Amino acid sequence: MNRAIKSRLSTSEMNYFPDEVIEHIFDFIASHRDRNSISLVNKSWHKIERYSRHQVFIGNCYAISPERLIRRFPCLRSLTLKGKPHFADFNLVPHEWGGFLHPWIDALAKGRVGLEELRLKRMVVSDESLELLSRSFVSFKSLVLVSCDGFTTDGLASVAANCRHLRELDLQENEIDDHRGQWLNCFPDTCTTLVSLNFACLKGETNLAALERLVARSPNLKSLKVNRAVPLEALTRLMSCAPQLVDLGVGCYENEPEPESFAKLMAAIKKCTLLRSLSGFSEVAPVCLTAFYPICENLTSLNLSYAAELQGNHLIEFVQFCKRVQRLWILDSIGDKGLEIVASSCKELQELRVFPSDPHDEEDNNTAVTEVGLVAISAGCPKLHSILYFCKQMTNEALITVARNCPNFIRFRLCILEPNKPDPITSQSLDEGFGAIVQACKGLRRLSVSGLLTDKVFLYIGMYAEQLEMLSIAFAGDTDKGMLYVLNGCKKLRKLEIRDSPFGNAALLADVGKYETMRSLWMSSCEVTLGGCKRLARNAPWLNVEIINENESGRMERNEEDEREKVDRLYLYRTVVGTRRDAPPCVTIL
Amino acid sequence: MEGCPRNRETCPKLLDLIPQERKWYHDEGKNNTDQEKKLELRLAPPGGDEEDGSVMKKKNTKKEAEDKTIFNLSGNHFSPSNKTNYAPHHISQKRTAPGPVVGWPPVRSFRKNLASSSSSKLGNDQINKSGDGEKQAEPKREGMFVKINMDSVPIGRKVDLSAYGSYEQLSFAVDKLFRGLLAAQRDASGGEGEGKPIIGLLDGKGEFTLTYEDNEGDKMLVGDVPWQMFVSSVKRLRVIKSSEISSALRFGCSKEDKMRN
């Protein structure tokens, strides 16, 4: 919050204003952190802030209970909830670990909250929850589900049928059981309010007629992302009746289209002059991509990261004309040469993600990217601030150069595919390279490190990464000191996730109070033992210390001798509501 | 901005290496400025650090003393003795990951299956029961799944070539895979049942012909080379209308064309 405003408006003065005025002033303050600060000023402000808070963000659904949330913020309209820890994305968290949505919907419904917007990430959502949601909140407008699972298209059908004012249904990378039903048909004919519809992650057939009718009666539709079962002709018809689209996700077009179909598609695309964002292409014949040439210069966001069929040259041919692109997600089949071309063409680039097309090197291809591509991008794209880069190798020299070229990184995530891989030229660790990054990028908030790394890199991170909020570590470090450097040094650290690194109890226990300032800590395949974790749990009752073991029955048989046993997976987080009661057998909460 | 963590009592001062002025020092009193310089960050390419090795050795003799104190805290049995010799090359002492590692590289499951031609489809490998999804998702190398598409059928299939021993068997399998789909495409009212058998794929006499794309990207007619040679070079299959053979093969320069010119 603007400190100048804070000092000028002394609270005693402000108390002469009616509450509505103060509330109106608070309306301008949107950031959650600022809101939290205001509420601490005095009781009066706390109360006003409570009743005027409409948007709440909960980074860990187990940090608080739905009942307490609703008691504090009864006028809640928009809720964001995150469930499983990040490494659940990579199969490191059991499917049934937790993060269930139902208790929240239940409580919100009972509390008669006027919920309008719900954004979920890594939560377990059931059809019953979706049904309850659709019936409980009359003004419900927006549902965004990211990386969730546990539901089917039946749940979607309830939402479609019952949410009369639905504007947004955005399903990103969820695991949805597709019953191949008629959920699209469930949107009533009176539903004309859709602004955003994304069902790209659905795997089954789509009722094309229903979809076309829905799009035709949605004049406000700006974002449409279809799934793979929408063929070319259908896409053409959809685009023809929605030329106002800003954001388009296309289906799957393996077969090369008939010339006539292709011509119609191009004509429809040409009319979409507002189109700025393109994605999908899960399987696409190269020629289909060329249909988008007419609008590629307008694109600010392009996601070709599912297009495994496209060779590097096809990608390059297209991307080089996307001169305004700010966000680019692509596969490493583009190659270093391709990235050099991107660097010379895409001067507006802000965020780049390069995913591995062959994560396990099965095809033995040599087109994966290396440090060359990264250096080129850093040199050519002055606005770059976020990168996720999967590569075969990296050198210290390259990282030092990148740091010098791009001191503005906010997010820097580097994943060298082979664990522990050193600098191939010098055979040294990559400590210096990453050290240069953290030293130069003073605003760095998120960092993922990889390759051969010793404790030294963590010393650098602790010393220089003052704004770091999230750090991901894998196969790195030598001793507990590594982890301690980070815990001691990074004052703003909120999330720390570590796997396969030799950090143990000494690091874990050195500063228990630190975890109260953080959202969570994940450690898997490290050196922490059950005894260490138990000790931590005893000294920090405000934490939930969860042990996840493969072997369910292990929990019952555990006795004193096993305290030296290494813990497979540890996940701890601060909470105000104590132990959760919905943990499965494979999870022990100490 | 405190350089020290919350619980001063439990925090070993030895590790209080990040103090306020951002100069790091050892609280033990052994203020080794040489070491300071070596660990000072420079924006220069590596390679000038020949003295690194000796510095590390110096550090290690101190390390043992420190380590004993640290580990007295928790009675841990972790012994650093096997890690005293730091050398940049000691990969063997690290946690190397032999073979496929669970959850590595850190990509979502559906991305892992994009390029691999022998993946299982439709997401059943994403659902892991207890963190061993990675093992389930690894395709068996014995199966040889390739994609197969058919003109006028929007959805493709996959065939496991290792299940067949001859072109005839493959042809029969193609008929089984696509007969129903083709009938459904052609007769939207769906009355007729199974539809006509798809025959003559290999001899050019049927309505459709089987072609493939080899590992060099060329489009070929199926049936010319010995079966095993075919299996080792095929990347994907396509069933095209026989009437369009010449135009279909035009899009990729076929070996026949190359040889003719």
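All residue numbers refer to positions counted from 1 along the written sequence of the respective chain. Here every chain gets a letter starting at A, and every ligand a number starting at 1, in the order they are written. It should be noted that, the model being predicted, local features are given only for residues of pLDDT at least 70 and side-chain atom pairs only at 80 or more, the latter also being counted only at that level, while totals for whole chains, interfaces and linings use all residues. Excluding hydrogens and water, the side-chain values take into account all heavy atoms of the structure.

Before going further, it helps to examine the UniProt feature "domain: F-box" (unreviewed entry) in chain A. UniProt feature "domain: F-box" (unreviewed entry): in the numbering of this structure it lies at residues 17–58 of chain A. Within residues 17–58 of chain A, the helical portion is 62% and the strand portion 10%, while the C-alpha atoms at the span's ends are 31 Å from each other. UniProt positions are given in the numbering used here, feature names are shortened, and annotations may be inferred rather than shown by experiment. Secondary structure counts use DSSP, requiring at least four H or I residues in a row for a helix and at least two E residues in a row for a strand, with both numbered from the N terminus.

On to the pattern of salt bridges, then. Residues and elements named next belong to chain A. A pair is scored as a salt bridge if a Lys or Arg side-chain nitrogen falls within 4 Å of a carboxyl oxygen belonging to Asp or Glu. In this structure the tally under the stated criterion is 29 salt bridges over all chains. Residue arginine 35 pairs with glutamate 49 through a salt bridge whose shortest N-O separation is 3.0 Å. In this pair, arginine 35 is assigned in helix H4 (residues 32–38) and glutamate 49 in helix H5 (residues 43–52), connecting sequence segments 14 residues apart. Three exposure classes are used, based on accessible area relative to the maximum for each residue type with a 1.4 Å probe and protein chains only: buried under 20%, partly exposed in between, and exposed over 50%. Under the relative-accessibility criterion, glutamate 49 is labelled buried at 0%. Glutamate 260 serves as the salt-bridge partner of lysine 264, at 3.9 Å between the closest nitrogen and oxygen. With lysine 264 and glutamate 260 both in helix H12 (residues 259–271) and four residues apart, this pair spans about one turn of that helix. For glutamate 260, a relative accessible area of 58% puts it in the exposed group.

A separate point is helix H19 (residues 431–440) of chain A. Within H19 of chain A, 10 of the 10 residues are buried, which leaves it mostly tucked inside the rest of the structure. Listed as buried for H19 of chain A are Asp431, Glu432, Gly433, Phe434, Gly435, Ala436, Ile437, Val438, Gln439 and Ala440 of chain A.

Below, the discussion takes up the sheet that holds strand S5 (residues 234–241) of chain B. All names here are of chain B. By this definition, two strands are paired if DSSP reports at least two bridges between them. The five strands are arranged S2-S1-S5-S3-S4 in an open sheet whose pairing can be described as mixed. The sheet is open, and its two borders are formed by strand S2 (153–160) and strand S4 (219–221), each paired with just one other strand. The sheet shows a mean angle of 30° between the axes of neighbouring strands, taken without regard to direction. In terms of strand pairing, strand S1 (residues 145–150) meets S5 through four bridges, oriented parallel. Among the inter-strand pairings, asparagine 149 is bridged to a residue of S5, identified as arginine 238. Contacts are assigned to residue pairs that have any heavy atoms within 4.5 Å of one another. Throughout, an axis means a line fitted to C-alpha atoms (over the contacting stretch in the case of helices), and angles, computed between N-to-C directions, take values from 0 to 180 degrees. Packing of helix H5 (residues 167–186) onto the sheet brings it into contact with S1, S2, strand S3 (208–214) and S5, and relative to S2 it is tilted by some 160°.

Our focus in this paragraph is the pairing of strand S20 (residues 520–524) of chain A. Residues and elements named next belong to chain A. Of all five residues in S20, five are buried; the element is thus mostly enclosed. Of the two faces of S20, both are covered, the one formed by Ser520, Trp522 and Ser524 as well as the one formed by Leu521 and Met523. Sheet analysis places strand S19 (residues 495–499) next to S20, joined by five bridges and oriented parallel. Within the sheet, the bridge partner assigned to leucine 496 lies in S20 and is leucine 521. Looking at chain direction, S20 and strand S22 (residues 569–574) are connected through five bridges and run antiparallel. Paired with methionine 523 across the bridge in S22 is leucine 570.

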